[in-house]
Amino acid sequence: MSILRMTPESEATGLVAEIYEDDRRSLGYVPSYTKALSLNPEAYLACQALLKAISKPLGPRLYELVTLAASQAIGSTHCRLAHGEKSLGIFKEEQLQAIARDFHDAGLSEAEVAMMDYATRVCTDAAAMTDRDSQRLRDLGFSDREIVDITMAAAARNFISRSVLAMGVDLEVPPGMSDELKDALLGPMALKPNGT
């Protein structure tokens, strides 16, 4: 549980109230991670603008796949659950469960699997990456712009996920998420010390 004093929904004003209302409209509730990050509402909004600039050209499918791979690599249960929920609009639940368990064996294209491997590497060993990593994506049809966007999407997830984990923000399961999907998204992550 976070020691941060977050603004209750009933007391939110100004930018914070706008941020909360946006989540209520899009998610149906205001998650704890929004409440924590919106303690600096200007930075929160700047981060959201950055994510939109990265995700829009990639499209929802590729962006969510990168995000799921990156959040798995980081150990971010918050982002796995949130983006698992968002991904239900793109994938059938059965395939999303398979992606969450092992994206290498989930009916994705070779290019999508390579992209998710690349995102994982960005989050776990970026300093060791070379042109070979980018070349693999190019060989599978990704443009240079897409390679940049994939890289930035994975890197941006580090900023958000690590911030939420470091602040000890409460983990919430999105309302209505099935136990099967929750278990697939959390899997062994539920046992990681910082994954709660």
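Residues numbered from 1 in each chain as written. Predicted model: local features only at pLDDT ≥ 70, side-chain atom pairs only at ≥ 80, totals over all residues. Heavy atoms only, no water.

1. Brief notes about the nonpolar core
In step 1: Grouped together as the largest cluster of nonpolar side chains are 44 residues, with contacts concentrated most on Ile-99, Leu-108, Met-115, Met-116, Leu-137, Phe-142 and Ile-150.
In step 2: Counting residues per element, the ones that place at least two in this core are helix 3 (41-58), helix 4 (60-74), helix 5 (77-87), helix 6 (93-102), helix 7 (110-125), helix 9 (144-166) and helix 10 (179-186).
In step 3: A total of nine residues in this core trace back to one element, the largest contributor, which is helix 7.
In step 4: If you look at the next biggest cluster of nonpolar residues, it comprises six residues, including Val-16, Ile-19, Tyr-20 and Val-30. (Core = buried A, V, L, I, M, F, W, Y, C linked by side-chain atoms within 4.5 Å. Buried < 20%, exposed > 50% of the residue type's maximum accessible area, 1.4 Å probe, protein only. Helix = DSSP H or I, 4+ residues; strand = E, 2+ residues; numbered from the N terminus.)

2. Let's talk about the confidence of the model for the chain
In step 1: Considering every residue of the chain, the mean pLDDT works out to 93; 95% of them sit at 70 or more.
In step 2: When mean pLDDT is taken per element in the chain, helix 7 scores highest with 98 and helix 5 scores lowest with 94.
In step 3: Per-residue pLDDT stays below 50 along residues 190-196; that stretch engages in 15 contacts with residues further than four places along the chain or on separate chains. (pLDDT = per-residue confidence, 0-100. Contact = heavy atoms within 4.5 Å.)

3. Some words on the layout of surface pockets
In step 1: There is about 1,000 Å³ of room inside the largest pocket.
In step 2: Lining the largest pocket are 37 residues, and of these Tyr-44, Gln-48, Leu-51, His-83 and Lys-86 lie nearest its centre.
In step 3: Of all elements in the fold, only helix 1 (14-27), helix 2 (32-37), helix 3, helix 4, helix 5 and helix 9 reach the threshold of two or more residues within the lining of the largest pocket.
In step 4: Looking at the lining of the largest pocket residue by residue, the class counts come to 22 nonpolar, eight polar and seven charged. (1 Å grid on protein atoms, 1.4 Å probe; cavity = no way out; pocket = protein on both sides within 12 Å on 5 of 7 lines; lining within 4 Å. Points joined across faces, edges and corners; volume = space filled by probe spheres on them. Nonpolar A, V, L, I, M, F, W, Y, C, P; charged D, E, K, R; others polar.)

4. A closer look at the packing of helix 4 against helix 5
In step 1: One can describe the packing of helix 4 onto helix 5 by two numbers: an axis separation of 9 Å at closest approach and a directional angle of 160°. Looking at the two axes, helix 4 sits roughly antiparallel to helix 5. The handedness of the crossing between helix 4 and helix 5 comes out as left-handed. Contacts from Tyr-63, Glu-64, Thr-67, Leu-68, Ser-71 and Gln-72 of helix 4 reach helix 5 at Cys-79, Arg-80, His-83, Gly-84, Lys-86 and Ser-87.
In step 2: Split into classes, the residues belonging to the contact of helix 4 with helix 5 amount to three nonpolar, six polar and three charged. (Axes fitted to C-alpha atoms, helices over the stretch in contact; angles between N-to-C directions. Parallel < 35°, antiparallel > 145°, perpendicular 65-115°, else oblique. Left-handed = near helix turned anticlockwise from the far one by under 90°.)

5. Concerning the side chain of Gln-97
In step 1: Structurally, Gln-97 can be placed in helix 6.
In step 2: Since its relative accessible area comes to 14%, Gln-97 is described here as buried.
In step 3: Every residue in contact with Gln-97, bar those within four places of it in the chain, is listed here: Glu-180, Leu-181 and Ala-184.

6. Topic: helix 3
In step 1: Counted at 1.5 Å a residue, the expected span for helix 3 with its 18 residues is 26 Å, and the 26 Å between its end C-alpha atoms agrees.
In step 2: Every buried residue belonging to helix 3 is among Pro-41, Tyr-44, Cys-47, Leu-51, Ile-54, Ser-55 and Leu-58, and all of these are buried. Down the axis of helix 3, the buried side of the element spans an arc of 150°, and every buried residue falls inside it. Residues of helix 3 that are exposed and point more than 90 degrees away from the buried face comprise Lys-52 and Lys-56.
In step 3: Buried-residue contacts for helix 3 involve helix 1, helix 2, helix 4 and helix 9.
In step 4: Positive phi appears at Gly-59, one or two residues downstream of helix 3, with a value of about 85°. (Expected span 1.5 Å × (residues − 1). Arc of directions from axis to C-beta.)

7. Side note on the state of the cysteines
In step 1: All told, the structure shown has zero disulfides when counted by the stated rule.
In step 2: For the unlinked cysteine Cys-47, the closest cysteine sulfur is that of Cys-79, found at 9.8 Å.
In step 3: Since its relative accessible area comes to 12%, Cys-47 is described here as buried.
In step 4: Cys-123 forms no disulfide, and the closest cysteine sulfur to it belongs to Cys-79, at a distance of 10 Å.
In step 5: Its relative accessible area of 8% is what places Cys-123 among the buried residues. (Disulfide = S-S within 2.5 Å.)

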